[in-house]
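Overview (structure and organization)
The lines below spell out each chain.
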Amino acid sequence: PSAPASDASESGSSRRTPGAAAPSGSRFTGRVAVVTGGASGIGAATAVRLAAEGAAVVVSDVDADHGEQVAEGIRAKGGSAVFVRADVAEAADWDRVLAAAHGFGPVGVLSSSAYACEIAPAHAMTRASWEHQLAVNLTGTFLGFKAVLPDLRAHRGAVVLTSSVHAHTGIPGRPAYAASKGALVSLCGQLAVEYGPEVRVNAVLPGPVLTPAWGDVGAADRARSVAGTAAGRFGAPEEVAAAIAFLAADEASYITGTSLTVDGGWSVVKESA
Ligand code: NAD
């Protein structure tokens, strides 16, 4: 990833980031996990976390350079990982992801973090831009789910979708992004109902989490976002990965169709303002 993945202390807080250090464990020993958007940010942290807990991980992304680095980093620590260059919105690419996964075994965990966000108000957003964002964020998630569903059904698998606090909260200039994130919450519930006995489907809704996605955001906007949290700082991608790992693990066996907000209290600060 092109930016430090866990420098959540920006904004002057020197507090250490709880959960940033992924413990090694065994919750996913013998499981195969597919992580989309795995080359960067939350997806990369999720791939590292699941591997540290025993999963064999398929790191999937359109960014081959950083994706290979993430997989190589996992292997260097004794974990199992392979990178597959794949666009989540291309159904044919999912065949290659699945083939790579089957080199390890049937898929038991799907974590989808790949996304597109193009900033423009609705009146200035082209239809092509709108459709691209929906294709990556929503259709890409649907295609990934369909691709791994036979494995998940056969092995009581778990899916964790990455939505956003903006599923429920307005933000200027991101109508397609926010609409797609809202749709993912709805999709999460629908899939949980449809495949309930066999597959658990949950979502995380991150708030401001310092990843390369914030690269173009200016200091004033960053400070405003941090000031909007109860935690008083950015989240680290590892803190979202910890929540994803929890929802994917057997200890969350009675949790399905749920959205877990991971935002340092951003949503409740908004509500109390
Ligand atoms: P990031 O930019 O660090 O990583 C996103 C990754 O997705 C990149 O590696 C990119 O190459 C990949 N990607 C983009 N299009 C793709 C495609 N078509 N197919 C496959 N891969 C593709 O972003 P991040 O901040 O880690 O965000 C991860 C998820 O978390 C996203 O779904 C985002 O909406 C969500 N989220 C992030 C924040 C935040 O503050 N960082 C807040 C709310 C929600």
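Up top you'll find the structure we're talking about.
Structural notes, computed from the coordinates. (Residues numbered from 1 in each chain as written. Predicted model: local features only at pLDDT ≥ 70, side-chain atom pairs only at ≥ 80, totals over all residues.)

Okay, the packing of helix α1 (residues 41-52) against helix α2 (residues 64-76) next. Between α1 and α2, the shortest axis-to-axis distance is 10 Å and the interhelical angle comes to 20°. Considered as vectors, α1 and α2 are oriented roughly parallel to each other. In the packing of α1 onto α2, the handedness of the crossing is right-handed. On α2, the residues that touch A44, A47, V48 and A51 of α1 are V70, G73 and I74. For the contact of α1 with α2, the class distribution of residues is six nonpolar, one polar and no charged. (Axes fitted to C-alpha atoms, helices over the stretch in contact; angles between N-to-C directions. Helix = DSSP H or I, 4+ residues; strand = E, 2+ residues; numbered from the N terminus. Parallel < 35°, antiparallel > 145°, perpendicular 65-115°, else oblique. Left-handed = near helix turned anticlockwise from the far one by under 90°. Contact = placed C-beta atoms within 7 Å. Nonpolar A, V, L, I, M, F, W, Y, C, P; charged D, E, K, R; others polar.)

Moving on: the nonpolar core. By size, the foremost hydrophobic cluster in this structure holds 73 residues, and its most contacted members are A47, L50, V57 and V59. When neighbours within four sequence positions are excluded, V59 is seen to be in contact with V35, G38, A39, A47, G67, V70, A71, A81 and F83. (Core = buried A, V, L, I, M, F, W, Y, C linked by C-beta atoms within 7 Å. Buried ≥ 20, exposed ≤ 12 C-beta atoms within 10 Å, placed from the backbone.)

So, on to the site of the ligand. Taken together, 28 residues lie around the ligand, and G37, S40, G41, A114 and T211 are the ones closest in. Broken down by secondary-structure element, the contributors of at least two residues to the shell around the ligand are α1 and α4 (127-154). Ranked by residues supplied to the shell around the ligand, first place goes to α1 with three residues. Taken together, the residues that form the shell around the ligand break down as 15 nonpolar, ten polar and three charged. (Near = placed C-beta within 6 Å.)

Just geometry here; none of it tells us what the structure is for.
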